[in-house]
2 protein chains.
Amino acid sequence: MRMRRCAAAVLFLVAASALADEGMWPLDSVPVKAIQKQHGFAPTAEWLKHVQLSAVRFGGASASFASADGLVFTNHHVGRGAIQKLSSAQRDLMKTGFYAATREQELRCHDLELNVLVEIEDVTDRINAAVKSGMSPAEAFEARRSAMSTVEKESHDRTGLRSDVVTLYHGALYHLYRYKKYTDVRLVFAPEHEVAFFGGDVDNFEYPRYCLDVSFFRVYENDKPIKSEHYLRWSRSGCQEGELVFVAGHPGRTERLLTAAHLEFIRDRTTVEGLNRLRRKEVALRTFAERSKENARRAAGDIFGVQNSRKALLGRLAALQGPGLLAEKRRREETLRAAVAKDARLRGECASAWDAVAGAVREWARLYDELEILEHAAGFNCRQFGIARDLVRLADETAKPNDRRLREYRESNLDSHKRHLFSEAPIYKDLETVKLADGLSLLAETFGADHELVRRALAGKSPPQRAAELIHGTKMEDAAGRRRLADGGKDAIAKSDDPMIALARLVDEPSRAVRTRYEEQVDEPLRQAYAKIARAQFAIHGTDVYPDATGTLRLAYGTTQGYQEQGRAIPHCTELGGVFDRCAEHENQWPFRLPDSWPARRDKLRSAAAFNFVSTADITGGNSGSPVVNRKGECVGIIFDGNLQALGWSYQFDSRQGRSVSVHVQAILEALRTVYGAKALVKEIVAGSRQSAP
Amino acid sequence: MRMRRCAAAVLFLVAASALADEGMWPLDSVPVKAIQKQHGFAPTAEWLKHVQLSAVRFGGASASFASADGLVFTNHHVGRGAIQKLSSAQRDLMKTGFYAATREQELRCHDLELNVLVEIEDVTDRINAAVKSGMSPAEAFEARRSAMSTVEKESHDRTGLRSDVVTLYHGALYHLYRYKKYTDVRLVFAPEHEVAFFGGDVDNFEYPRYCLDVSFFRVYENDKPIKSEHYLRWSRSGCQEGELVFVAGHPGRTERLLTAAHLEFIRDRTTVEGLNRLRRKEVALRTFAERSKENARRAAGDIFGVQNSRKALLGRLAALQGPGLLAEKRRREETLRAAVAKDARLRGECASAWDAVAGAVREWARLYDELEILEHAAGFNCRQFGIARDLVRLADETAKPNDRRLREYRESNLDSHKRHLFSEAPIYKDLETVKLADGLSLLAETFGADHELVRRALAGKSPPQRAAELIHGTKMEDAAGRRRLADGGKDAIAKSDDPMIALARLVDEPSRAVRTRYEEQVDEPLRQAYAKIARAQFAIHGTDVYPDATGTLRLAYGTTQGYQEQGRAIPHCTELGGVFDRCAEHENQWPFRLPDSWPARRDKLRSAAAFNFVSTADITGGNSGSPVVNRKGECVGIIFDGNLQALGWSYQFDSRQGRSVSVHVQAILEALRTVYGAKALVKEIVAGSRQSAP
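Scoring rules and cut-offs
- Sequence order as written defines the numbering, with residues in each chain counted from 1.
- Ligands are numbered from 1 and chains lettered from A, in the order in which they are written.
- Side-chain atom pairs in this predicted model are given and counted only at pLDDT of 80 or more, local residue features only at pLDDT of at least 70, and totals for whole chains, interfaces and linings cover all residues.
- Where side-chain values are given, they derive from all heavy atoms of the structure, hydrogens and water being excluded.
- Counting from the N terminus, the helices are DSSP H or I runs at least four residues long and the strands are E runs at least two residues long.
- In this treatment the radius of gyration is a C-alpha quantity, and the globule benchmark scales as 2.2 Å times the residue count to the 0.38 power.
- Any pair of residues with heavy atoms lying within 4.5 Å of one another is described as a contacting pair.
- Using the Shrake-Rupley algorithm and a 1.4 Å probe, accessible areas are obtained, with residue cover drawn only from the displayed protein chains.
- Positive charges come from Lys and Arg alone, negative charges from Asp and Glu alone, with His and the N- and C-terminal ends not counted.
- Think of each charge as sitting on NZ of Lys, CZ of Arg, CG of Asp or CD of Glu.
- Summed over both partners, the accessible surface that disappears when two parts come together, traced with a 1.4 Å probe, is what is meant by buried area.
- By definition, a salt bridge exists where a carboxyl oxygen of Asp or Glu is found within 4 Å of a side-chain nitrogen of Lys or Arg.
- Nitrogen and oxygen atoms within 3.5 Å of one another constitute a polar contact, given that in protein one can donate a hydrogen and the other can accept it, and given that sequence-neighbouring residues count only through two side-chain atoms.
- For this classification, Asp, Glu, Lys and Arg are treated as charged, while Ala, Val, Leu, Ile, Met, Phe, Trp, Tyr, Cys and Pro are nonpolar and the rest, including Gly, are polar.
- With a 1.4 Å probe rolled over the protein chains alone, any residue whose accessible area is under 20% of its type maximum counts as buried; one over 50% counts as exposed, and the rest are partly exposed.
- To estimate the expected span of a helix, count its residues, drop one, and scale the result by 1.5 Å.
- A residue's bend is given by the angle between axes fitted to the 7 residues ending at it and the 7 residues starting at it.
- In this analysis, rings of Phe, Tyr and Trp, with Trp reduced to its six-membered ring, are considered paired at centre separations within 6.5 Å, and the interplanar angle assigns stacked below 30 degrees, edge-to-face beyond 60, and tilted for intermediate values.
- By definition here, charges over rings are those cases where NZ of Lys or CZ of Arg is within 6 Å of the ring centre and within 35 degrees of the ring normal.
- Pairs of strands are assigned from DSSP output, requiring at least two bridges between the strands.
- Convention adopted: a line fitted to C-alpha atoms gives each axis, helices being fitted over their contacting stretch, and angles between N-to-C directions are expressed from 0 to 180 degrees.
- When the copies are superposed, the least-squares fit draws on C-alpha atoms of residues that have pLDDT of at least 70 in both.
- Should an angle fall under 35 degrees it is called roughly parallel, over 145 degrees roughly antiparallel, and 65 to 115 degrees roughly perpendicular, with every other angle called oblique.
- Confidence scores per residue from the predictor, reported as pLDDT, run from 0 to 100.
- Throughout, the arc means that of the directions going from the helix axis to the C-beta atoms.

**Q** A description of the overall build of chain A should follow, citing residues and the corresponding values.
**A** In terms of regular secondary structure, chain A is built from 26 helices and 21 strands. Relative to a compact globule of 694 residues, whose C-alpha radius of gyration would be 26 Å, chain A shows 25 Å and is just as compact. The contacts in chain A between residues at least 6 apart in sequence include a share of 79% that link residues at least 24 apart. By element, 49% of the accessible surface of chain A is carried by carbon and sulfur atoms, the whole surface being about 25500 Å². Averaging the coordinates of the 101 positive side-chain charges in chain A and doing the same for the 93 negative ones gives two points 2 Å apart.

Here you go:
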């Protein structure tokens, strides 16, 4: 299979010192023989298909079916967006937790869409055929985008399945992924936030841990739970130390195949400035949250997201700033380039690729500020601006033929896109004002207060004054109004006197301009160059290897094992009882406060039950909620984090100390049973279906 | 008097729309006639002398004598450094508060130095005479520094008083300030931090307020309380609405006389990057603090400082980014320059000054990163680095003649300098590691991870690893060891194998180099140019005006009055009882939690007593702790803050909404009496001395 062949080429770059158990493998290219050799177990095609069809993409993260009746389980922190949108000052499900003992009590979520990967098809030849030699990067980008939209639309029209073309190896391969899509998703169970995220930002990305980071949903179609043919049965005992485990999930993004010059840019620019933007958001959000309990509730989701990213980026920056990683990347790159230089054919075809990457990255550096501030909207950070711009663009783009549109407005994606745009989830003016004030200040700081766009955006006010004016005046929070505007098309947008629509119109031209420059002068040259680098690697080395993560379904594997840290042995697993000790150490103060339900049932809880555990399975952000599966295909746990040492895995895998962290099924079942009295849910999980529950 | 004449010149620049009550006046040039005209009261020379000698400089802030027995009172947040240094995990005076009912119980502070301004002498001619025409900026800077050190040393040798040459109007005048210095200062009373800083960062710089932001100290000499001839008697009733009040304190820094180009640099560079540095510190410190109660205690002082500065800078940035302020500055500047251009003599003498400022600021922009990272040590942010560098420089500098040394090592200042260096106040390795890790990352981010100095500073580690290694290895926390190193001179420094000393030695050469460039190419040209601008203003306009704040004693005046905000009338004063309501609104949660002492005595408290009040007196940071004085020279309150609208006062005074915020004497006396049972202290304040207390 073509992908495996080409994939193999990239091994050289990613081969770190600790190769054991490395890799996030597309489900159609799992290295079965290597696993067999290393662990004495080879997953069969049926085993793989069953796991694939049991796995669920949940927003930007992961989940899996847990019964034949559409029961889905994921992390609490993955479900938290949905849970928070169902909450209000009067009904705060984040604080109280939630359990629907009967189907009637299940709460329909606002705008969730779950996907199950059904099929993968290699469309590399078709996409590349659209790009003729001699085309300028601008023409090539346009031709490629057009081909991708056309392939997706054809597939969608033919199969009715959500169809996405995925770029692998940064441009070497193009695969078409077809998904079954579910949009009626209902909340079944969530523990209290305090125990789901026990330890808060302090313990986040750290280990040992004590988190019940789980939540349960149910998928409906036609107002009835679906019959989920494939689901993961839960192991009664979970996993033991040293056991082989698999992780099936949707890792979002790794950068292990990038050139050294590209990584330097990631280190010196995107990470550093990304952190600065996160820190300013964190400070602004926390000062807002501290004003009242209701403020804190409203800002909690944003704060979690920002702190989570900040801690992850800090770890990655430290890995990139340490001397080892980039030196090793450079050394390997020099060896490969020397080999290419010795081969006449390869030299002609590929030798220029590294300089091409460096050139594209230099162009990126020139565009970077404008791209972040305008197109990524860092200068207009609030929900209402995002909505307004989306409405402006929706009108412009849907008036064009499908293959000429911006990617996000292509026909095959339009339903999903509109589901978000027209969501009735609450938007809080006070919270968004604080975010926008900070964004507008960033705009003025970056371009200078005397820049024409800045002056027009601020309209004679200071950033906080202008933010207050815009948010006070806009009606973008009204979902029905949004629908009316969208239905009215370009004409309605042109006539709108909503100040946020006016701002979005003002920003759209320069924003599209920088996006186009990025697409033509950065994205397309990178795709072409990385395709060449992959070819060179394939020619010179030649073993199987996995592509960088792209948010698509992957299988990782490893063993449950502890590690050594500063002379201490860190155990592979913690016990339920430990959470009470840690809570007591911190005098039950946030973020180590337990909800009342836990101490109340402490005597009844089996304190020796396994709570959280670590393994060497290769994961990254997006894997949250991935089922951890044993040889028998049973679920033994659920990924919810990596430790600090795994943050460098974005660039290089290393299992000496790096670990993925999971909630153990023992703890989940014990808590559901003993703390929450969730008998029906436990029965459904144990029996594998609701109807047949004993 | 020369200064008054010249000072007058600058009025034009600072004359905002709301001139009433504007100004922070040096004590030798208070505009008595203007006050008389406006308020019907003229302070006499005796009145002014009494207030001057009752006022105390307390660290970088303000205080005043409150009895004939050396009793000094200031804000709790001004005394907090001293209070925190006297605290430990076992004895947390920030949490519990403190009261010494007898003199024996008073606690000696670690490294406090209080100053009382005794005399002011104009030394402009002598300083300027040292700078000969035709000197290069480097020569001029050196000559000026040498003259200042010599003047100071002569004065110190002759009078025994601390003697500082102060630059006024950014270079137009030089005054010698002589201070009586006190170094044995003992803690008498501090309330609990929770009520001193009630409302925390949320209410900081906001109003209405409810803070008992006061603390009391006593000054000793020869192990006995001093006899303080001048002290402020406290008014029994405090002040009423609309009353004329004076504020005597030490405003740190305003920038009202700067040119537009200079202000643009402040807006676009120093404020923006200062905020980014503050935010990263805030995030790092808070994540440290959240790990445990003891961590929170250790980091509290740093967190307060960082949050306070962050909120102040955010307000100032908004003021600068708003369209009005800079447009007005530019308009006035153009008018003045046009007038200069019309006068042949002035044109020759002064016309080039604005371009000279702009040129110096451009050079500053080029040096800015290096200056902040190296000389201001943002790249090495921890106490131990500061100490190590100080030891390295102390050895180098004291080996030179006095008039060739860096300013901070001049003979007249050396005792004060060493008091800080050899302080036995606790230093926490864990806290400093977190700060240094962030600093080293900033170093790598700013110069690039491949920069030679960065590579040598990191020594093959990532920033967090290197920070841990340096702090683990250094012995800079040991005050006795510091003394031994200092006594050993250059030889001991050269032989030291302390890793922080080694780092300080590594950084010292490039750091001195950028400081020298700044002094010669920015500081000196700015002094010369601003002297010319002041001359032009004097020639063309010609009324009395005050110099920008410089941390020296100033008198401000205004009236107690409320204001309008978003259609609401904000009262001039709050009542004691209000604090219980605000606490209840927030369910007694930090930062609105009251210490147990308050609810316990609620029934006994006179809830209608005035708590905090606002006035139009012109203040800025450094005025914290300033006594608020009535016509009779009695203390009616103590400044502890400005409101948000007063943050723009750094650049332009405006009393439409801007207010200074004070604690009212009624609240202080009521709380001391009723909540704290501090009978002896109340008696001493009321009687004006301890011995004669009834």
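**Q** Please set out the interface of chain B and chain A residue by residue, giving values where relevant.
**A** Each partner contributes to the interface: chain B provides 41 residues, whereas chain A provides 41 residues. Summing the contributions of chain B and of chain A, the shared interface buries around 3400 Å²; its carbon and sulfur component is 50%. D450 of chain B serves as the salt-bridge partner of R267 of chain A, at 3.3 Å between the closest nitrogen and oxygen. Counting across the chain B and chain A interface gives 14 residue pairs in polar contact (both at pLDDT 80 or more). Of all the elements in the fold, those that place two or more residues in the side of chain B that touches chain A are α10 (200–203), α11 (260–289), α12 (293–321), α13 (323–342), α18 (429–447) and α20 (463–473) of chain B. Among the residues forming the side of chain B that touches chain A, the class breakdown is 13 nonpolar, nine polar and 19 charged.

**Q** Mind laying out the pattern of salt bridges, listing which residues take part and the relevant values?
**A** Residue and element names in this part refer to chain A. All told, the structure shown has 154 salt bridges over all chains when counted by the stated rule. The salt bridge partner of E106 is R218, with a shortest N-O separation of 3.0 Å. Separated by 112 residues along the polypeptide, E106 in the loop between β5 (98–99) and β6 (107–108) and R218 in strand β11 (residues 215–221) bring together distant segments of the chain. Assessed through its relative accessible area of 0%, R218 is described here as buried. Residues K429 and E477 are paired through a salt bridge, measuring 3.2 Å at the closest nitrogen-oxygen approach. In this pair, K429 sits in helix α18 (residues 429–447) while E477 sits in the loop between α20 (463–473) and α21 (479–495), placing the two residues 48 residues apart along the sequence. Residue K429 is classed as partly exposed on the basis of its relative accessible area, which comes to 31%.

**Q** Any details on helix α22 (residues 499–540) of chain A? Residues and values, ideally.
**A** Residue and element names in this part refer to chain A. With 42 residues, α22 ought to run about 62 Å at 1.5 Å a step, and its terminal C-alpha atoms sit 58 Å apart, in line with that. When the local axis directions of α22 are compared, the greatest deviation, roughly 40°, occurs at D508, which is followed within four positions by the proline P510. With a side-chain oxygen positioned 2.9 Å from the backbone nitrogen of M500, the residue opening α22 is D498.

**Q** Can you explain the packing of aromatic side chains? Please cite residues and give values.
**A** Enumeration according to the criterion identifies 48 aromatic pairs over all chains in this entry. On the numbers, 6.1 Å between centres and 70° between planes, the contact of F41 of chain B with W47 of chain B is edge-to-face. Relative accessible area serves as the criterion here: at 15%, F41 of chain B is assigned to the buried category. An aromatic cluster of at least three residues, connected via ring pairs, comprises F73, Y99, F189, F216, W234 and Y676 of chain A. Geometry around Y220 of chain A places R186 of chain A over its ring, the cationic atom sitting 3.7 Å from the centre.

**Q** Got a sec to walk through the sheet that holds strand β19 (residues 627–629) of chain A? Specific residues and values, please.
**A** Residue and element names in this part refer to chain A. A sheet is described by the order of its strands in space; here eight strands give the open sequence β1-β14-β13-β19-β20-β21-β18-β17, paired in antiparallel fashion. With one partner strand each, in any of the chains shown, β1 (25–26) and β17 (573–575) form the two edges of the open sheet. Direction of pairing for β1 relative to strand β14 (residues 554–559): antiparallel, over a ladder of two bridges. For W25, the partnering residue across the bridge sits in β14 and is L555. Packing against the sheet, helix α25 (residues 665–675) makes contact with β18 (610–615), β20 (635–642) and β21 (660–664), and its axis sits at approximately 35° to β21.

**Q** Give a detailed account of the relation of the copies chain B and chain A, specifying residues and quantitative values.
**A** Under the fitted operation, chain B is carried onto chain A by 0.0 Å of movement along the axis and a turn of 180°, and the coordinates agree to an RMSD of 0.0 Å. When the rotation and shift are considered jointly, the pair of chain copies conforms to a two-fold rotation axis. If distances are taken from each C-alpha of chain B to the rotation axis, the shortest is found for R279 of chain B, at 3.1 Å. Comparing contact sets, 100% of the residues at the interface of chain B also lie at the interface in chain A, consistent with an isologous, same-surface contact.

**Q** I'd like a description of the packing of helix α8 (residues 137–159) of chain B against helix α22 (residues 499–540) of chain B, backed by residues and values.
**A** Residue and element names in this part refer to chain B. Between α8 and α22, the least distance of the axes is 9 Å, while the angle of their chain directions is 75°. Classified by the interaxial angle, the pair formed by α8 and α22 is roughly perpendicular. Side by side, α8 and α22 meet where P137, A138, A140, F141, R144 and R145 of the first sit next to E519, E520, D523, E524, R527 and Q528 of the second. Looking at the contact of α8 with α22 residue by residue, the class counts come to four nonpolar, one polar and seven charged.

**Q** Give a description of the confidence of the model for chain A that names residues and reports values.
**A** For chain A, mean pLDDT is 94; residues scoring 70 or higher make up 96% of the total. Reported for the predicted complex are a pTM of 0.94 and an ipTM of 0.92.

**Q** Quick rundown of unusual backbone geometry? Include the residues and the values.
**A** The residue after Y207 of chain B, namely P208 of chain B, is reached through a cis peptide bond having omega 5°. As for its position among the elements, P208 of chain B is in the loop between α10 and β11 (215–221). The omega torsion across W590 of chain B and P591 of chain B is 5°, close enough to zero to call that bond cis. For N588 of chain A, which is not a glycine, the phi torsion comes out positive at approximately 60°.

**Q** Can you tell me about the side chain of R286 of chain A, naming the residues and giving the values?
**A** Within the secondary structure, R286 of chain A sits in helix α11 (residues 260–289). Overall, R286 of chain A belongs to the buried group, its relative accessible area being 14%. Apart from residues lying up to four places away in sequence, R286 of chain A is in contact with I303 and Q307 of chain A together with R286 and E290 of chain B.

**Q** Tell me what's going on with α20 of chain A, and back it up with residues and numbers.
**A** For α20 of chain A, the full list of buried residues reads P463, R466, A467, L470 and I471 of chain A. On an axial view of α20 of chain A, the arc spanned by its buried residues comes to 125°, and they lie on one face. On its buried face, α20 of chain A is in contact with α16 (383–398), α18, α19 (452–458) and α22 of chain A together with α12 of chain B.

**Q** Describe the side chain of D438 of chain A, with residues and values.
**A** Within the element layout of this structure, D438 of chain A appears in helix α18. The exposure class of D438 of chain A is buried, given its relative accessible area of 13%. Excluding residues that lie within four positions of it along the chain, D438 of chain A makes contacts with R280, K281 and A284 of chain A together with R279 of chain B.

**Q** I'd like a description of the pairing of strand β7 (residues 114–122) of chain A, backed by residues and values.
**A** Regular strands show a simple pattern: their side chains alternate between the two faces of the sheet. All names here are of chain A. Where strand β2 (residues 55–58) lies against β7, two bridges are found, and the strand directions are antiparallel. Each residue of the ladder has a partner; that of F58, found in β7, is L114. The pairing of β7 with strand β9 (residues 173–182) spans eight bridges and is classified as antiparallel. Among the inter-strand pairings, D122 is bridged to a residue of β9, identified as H175.

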